[in-house]
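# Tertiary structure, described
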Number of protein chains: 2
Amino acid sequence: MNYILKDQNAVYYECGFSCDNELLLSLGSEKFFITDPRYTTEAKEKVQGAQVIEAKDLIKAAREILRKSRIKSLHYDPKEFSCADFAKLESKLSLSFKKSPDLSWKRRLIKSDHEIALIAKSAELNAQAFDRFATRLRECEGVSERRLHFEAVAILTRYGEYELSFDPIFAIGPNAAKPHAYPSDQILKRGDLVLFDGGIKYERYCSDRTRTAYYDEEFSFKKDQRFENPRIQRAYDLVKKAQEKAIEGARSGMRAKDLDRIAREIIDRSEFQGCFVHSLGHGVGLDIHEMPFINSRNDQILEDGMVFTIEPGIYVPGEFGIRIEDMVVLRSGKAEVL
Amino acid sequence: MNYILKDQNAVYYECGFSCDNELLLSLGSEKFFITDPRYTTEAKEKVQGAQVIEAKDLIKAAREILRKSRIKSLHYDPKEFSCADFAKLESKLSLSFKKSPDLSWKRRLIKSDHEIALIAKSAELNAQAFDRFATRLRECEGVSERRLHFEAVAILTRYGEYELSFDPIFAIGPNAAKPHAYPSDQILKRGDLVLFDGGIKYERYCSDRTRTAYYDEEFSFKKDQRFENPRIQRAYDLVKKAQEKAIEGARSGMRAKDLDRIAREIIDRSEFQGCFVHSLGHGVGLDIHEMPFINSRNDQILEDGMVFTIEPGIYVPGEFGIRIEDMVVLRSGKAEVL
C-alpha cells in the first residue's frame, strides 16, 4: 500500500522523527521525509528508513516525487488533509487517491514491547507526579482552582522537563460535574471533593490518569476515599467498583462495546442511572486519544498489545463529578494496569 | 454573502463565544451557532446575534439548516475544513460551495477601537511580565534554558491567570540562532546573549514581543544593550536600527513588501547580508499569526486599524541570533507601538 502522511505523530511513528512542517510518502519499499530548510540538518541525523527531501513547498515536492514514481494509487486519511492542501496535492496527477480514514491510527493500534515500555514509564512518572501534587495540596487550603491548575502543570512537567499530554483538569466540587471543566476562581477548602485528570509525555508517549478525592489534612489520591456526604460516597464506591470490574473483565477477543457495558451496567442499575455521560475509555499512545475507542457503539475486537484507559464516571450537574481513570495494556488476554 | 466557519477564533469573532466543538452558519441576516449538549447552556448565555442549535452531529445539523434555507451558494475556507468534514457537509446538497481562502482573516483584518484597546492591554500586561522576568533572571545564573523557559511561562501567565498566545522561546547564545529554538539543558552564565520571545492573551487577544539582551548582574530587556563581542554588538545595533526605521517608515497606503524592504535593506547592505532569514512581521489579533503578513512578496496595502509585529533579526548559525519585536497599530496613517 502506498500512502502519504502529514500528522506529526503519524510521521514520527514511521521514521522516528518529526518537526512541525513535514510530509511522509511511503511508496512501495521507499519512504520520503519532506521538510523545509529549517529542519533538514536535524532530519538527516534522526530520520530512520526514509530519504530526507528538502523543499520550501512540501506539497510541490511530494507531487514531483509522485509524478516520477510509477504508482497508480495513493492512500490518504481525509481527516488529516485540509481541502486546500488536498486540492493542491492531487491536481492534475494521473493517479488514484484512495480515502483511508484513520490510516495511521490503524497502523499504531497494536503497540510493540518497546512502545509499551515507554508508555509504562510515562504512566509511572505521571503517578509519581500525582503523589507529589497530593502532598503539595495539603498545604493549599484557600488557594484557587486556577492557581492549583498551574501548580499541577509545574509538578506534572517537573518545571518544564516533560511535556504535558493534555491540559490537566483540576476541579473542585460542582465544577467536577463538567467532564471538561476549566479552572475557575473557586477556592479549595476542607471537605471539598477534588477531581484531578492529568498526563505527561515520555519520549513522545502519553500517559493519562484521573483521581477523585476528599480534601482534608490527610489528602491523597489513593483509591480508598471517605466523603462526608453519603450520596457522594455511594457514587464514589460505584465508580470504583465499575472501574475494578471493567479492568477484571477486560479480555482480548472481546468487543470494545462489551467492555464498556461492564462498567455502564453497574452505574445504570443504581440511583445514578444515566449519570455516566461519556465513553469508558480511549486508546493512548503517541496521541492522547487514539484507537481503540471503548464506547457503547464500537464493535472493534480488543487484542493483545492494545493500550487504553478505563475511566468510568458519575456526574450530577451543579453538585459533583467523580471519575477514576487508569491505563491498561492487554497482555496474555487480560488487562494489566500500567 | 453566506458562509460557514469552524475555527474557534473565526466563530468567536462573529458571535462573542466559542467552545471546542462548534460550527457557525451565516445565511443572509440570520446566524446559527451549532454546538453539542456539553456547551449549549453556556452558549445560550453568551452567544450574541446568532441562534444556538444543539446537535450531537454538528455537520448533520448544518446540512439540515442548509437544506431548509433557500440559499444558492455558501462560502467556506478550504484551509478550515478537512477533506472528511467537507465531503460530509456538501454531499448531495443542491447548492454551490465557493472556496474563499482566509475568509475569516479577511473579515478581521481591520481592528475596531475596542479590539485595539484589548490588544494594547494584552501588550501592556506582556511588557510588565517581561520586566518581572528580567528581574527574576538576575538571580538565575547557572539555571538551564529548560527551567528558565518554565519560569517564563509562570511569569507570563501570572501562574495560570492568563493564557499564553504561543509557547515562549527562551534561547541562550548559539541556540538563539534558530528562529524557533526549543529549550535545552544549556546553562545561563554571565556574558551570555539571551533571546526571549513571548506573549499572552487578554480576553482572547494576543500579544507578541521579543527582546535580545546581554546577561550580567544588571540584566534587563531594555533596547539599549552592550555586548562584549564587537560583532554581536554590530549585529544588535543593525537589528535595532532596522526595527526603528521600519516603525518610523510604516505608512497606511504602503504595500506590505515595501515595509519589509525598509528593514531588510539595512541588514542586507551590511556584513550580515542574508542573515535576516524570516519575514519582517505578521498580523496579531485573535490568532497570534494572522493577516497582514509583512514579507518581501506580499502586495497587500496596509491600512489604518491593522495590527502587526515588526521583528527584524540576524541569525548566524552556531554563533548567535538577535531579534527585536514590537507590535504596532496603524492609526492616522502611521505606526504606533502598542
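This one's a predicted model, so the numbers in the text were calculated from it and none came from an experiment.

Analysis parameters
- Residues numbered from 1 in each chain as written.
- Chains lettered and ligands numbered in written order.
- Predicted model: local features only at pLDDT ≥ 70, side-chain atom pairs only at ≥ 80, totals over all residues.
- Heavy atoms only, no water.
- Helix = DSSP H or I, 4+ residues; strand = E, 2+ residues; numbered from the N terminus.
- Buried < 20%, exposed > 50% of the residue type's maximum accessible area, 1.4 Å probe, protein only.
- Contact = heavy atoms within 4.5 Å.
- Least-squares fit on C-alpha atoms with pLDDT ≥ 70 in both.
- Pairing = 2+ DSSP bridges.
- Polar contact = N/O pair within 3.5 Å; in protein donor to acceptor, adjacent residues only side chain to side chain.
- Salt bridge = Lys/Arg side-chain N within 4 Å of Asp/Glu carboxyl O.
- Domains from an automatic or database assignment.
- Buried area = accessible area lost by both parts, 1.4 Å probe.
- Right-handed = clockwise from strand over helix to strand, strands pointing away.

Next up on the list: the overall build of chain A. Scanning chain A for helices and strands turns up nine helices and 19 strands. A principal-axis box enclosing the C-alpha atoms of chain A has dimensions of 70 × 40 × 35 Å. A burial count over chain A gives 57% of its 338 residues as buried. Long-range contacts, defined as pairs at least 24 residues apart, comprise 62% of the intrachain contacts of chain A with a sequence gap of at least 6.

Quick look at the relation of the copies chain B and chain A now. Under the fitted operation, chain B is carried onto chain A by 0.0 Å of movement along the axis and a turn of 180°, and the coordinates agree to an RMSD of 0.0 Å. One copy is carried onto the other by what is essentially a two-fold rotation axis. For chain B, the minimum C-alpha distance to the rotation axis belongs to S82(B) and amounts to 2.0 Å. Comparing interface residues between copies, 100% of those in chain B also sit at the interface in chain A, which points to an isologous, same-surface contact.

Our focus in this paragraph is the sheet that holds strand β7 (residues 163-164) of chain B. Residue and element names in this part refer to chain B. Reading across from one edge, β7-β10-β11 is the order of the three strands in this open sheet, with antiparallel pairing throughout. Both edges of this open sheet fall to β7 and β11 (205-206), since each of them pairs with a single strand only. The pairing of β7 with strand β10 (residues 200-202) spans two bridges and is classified as antiparallel. Residue pairing in the sheet places E163 in a bridge with K201 of β10.

On to the side chain of E311(A), then. Residues and elements named next belong to chain A. Tracing the backbone through its elements, the reader meets E311 in the loop between β15 (307-310) and β16 (313-316). With a relative accessible area of 8%, E311 lands in the buried category. In this structure the side chain of E311 is engaged in a polar contact, spanning 3.1 Å, whose partner is the side chain of H282. Discounting residues that sit within four places of it in the chain, E311 has contacts with F276, H278, S279, L280, G281, H282, R323, I324 and E325.

Residue and element names in this part refer to chain A. This structure, assessed with the given rule, holds 62 salt bridges over all chains. Ionic pairing is found between R264 and D260, a salt bridge with its closest N-O pair at 2.7 Å. Of the two residues, R264 and D260 are both situated in helix α9 (residues 256-268); the distance of four residues between them amounts to about one turn of the helix. Note on accessibility: R264 and D260 belong to one class, buried.

We now examine the domain arrangement of chain A. Residues and elements named next belong to chain A. Domain annotation for chain A reports domain 1 (3-107) and domain 2 (113-337). Summarising the inter-unit geometry, the C-alpha centres of domain 1 and domain 2 are found 35 Å apart. Counting residues at the interface gives eight residues for domain 1, matched by 10 residues for domain 2. Carbon and sulfur atoms supply 55% of the area buried between domain 1 and domain 2, which totals about 820 Å² over both sides. Broken down residue by residue, the surface that domain 1 buries against domain 2 is led by N9, Y12 and W105, which jointly contribute 72%. One can count zero salt bridges joining domain 1 with domain 2. Secondary structure elements with two or more residues in the side of domain 1 that touches domain 2: α1 (8-15) and α5 (103-107).

So, on to the pairing of strand β6 (residues 96-99) of chain B. Residue and element names in this part refer to chain B. Inspection of the sheet shows strand β5 (residues 73-76) paired to β6 by four bridges, in the parallel sense. Paired with Y76 across the bridge in β6 is K99. This β-α-β element, β5 to helix α4 (residues 83-90) to β6, shows right-handed connectivity.

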